[in-house]
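Analysis of the macromolecular model
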Amino acid sequence: MTWLLLQSGRALFRGTYGDALDAAESMRVCERAFHPDGSELTPRLDRGVMLVPAQMLPSVRRRAAA
């Protein structure tokens, strides 16, 4: 499945879920944390940033993000 990382309606990244989280972390718009046992807590995105499946957006916006 392809995911889009959006900030205020503008596409920042398009790719797999894991790659999108890595990109968000490198852009410093996502905070990732882990439990002591090594499992990951839910990532926290900054305000105005969304991670959504690409199929949720109209096809015109999907093409612009490509």
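Note: the structure precedes this text.
Everything quoted here is computed from the prediction, not taken from an experiment.

A tally of regular secondary structure across the protein chain gives two helices and five strands. A burial count over the protein chain gives 27% of its 66 residues as buried. The long-range fraction of contacts in the protein chain, counting pairs at least 24 apart against all pairs at least 6 apart in sequence, stands at 40%. Surface summary for the protein chain: the accessible area is close to 4700 Å², and the carbon and sulfur share equals 51%.

Scanning the entire structure with this criterion turns up three salt bridges. The residue aspartate 22 makes a salt bridge to arginine 32 at a minimum N-O spacing of 2.7 Å. Placement of the pair is aspartate 22 in helix α1 (residues 17-26) and arginine 32 in the loop between β3 (30-31) and β4 (44-45), with a sequence separation of 10 residues. Assessed through its relative accessible area of 41%, aspartate 22 is described here as partly exposed. According to the relative accessible area criterion, arginine 32 is partly exposed, its value standing at 21%.

About the criteria used
- Residues numbered from 1 in each chain as written.
- Predicted model: local features only at pLDDT ≥ 70, side-chain atom pairs only at ≥ 80, totals over all residues.
- Heavy atoms only, no water.
- Helix = DSSP H or I, 4+ residues; strand = E, 2+ residues; numbered from the N terminus.
- Buried < 20%, exposed > 50% of the residue type's maximum accessible area, 1.4 Å probe, protein only.
- Contact = heavy atoms within 4.5 Å.
- Areas by Shrake-Rupley, 256 points an atom, 1.4 Å probe, with all protein chains shown as cover.
- Salt bridge = Lys/Arg side-chain N within 4 Å of Asp/Glu carboxyl O.

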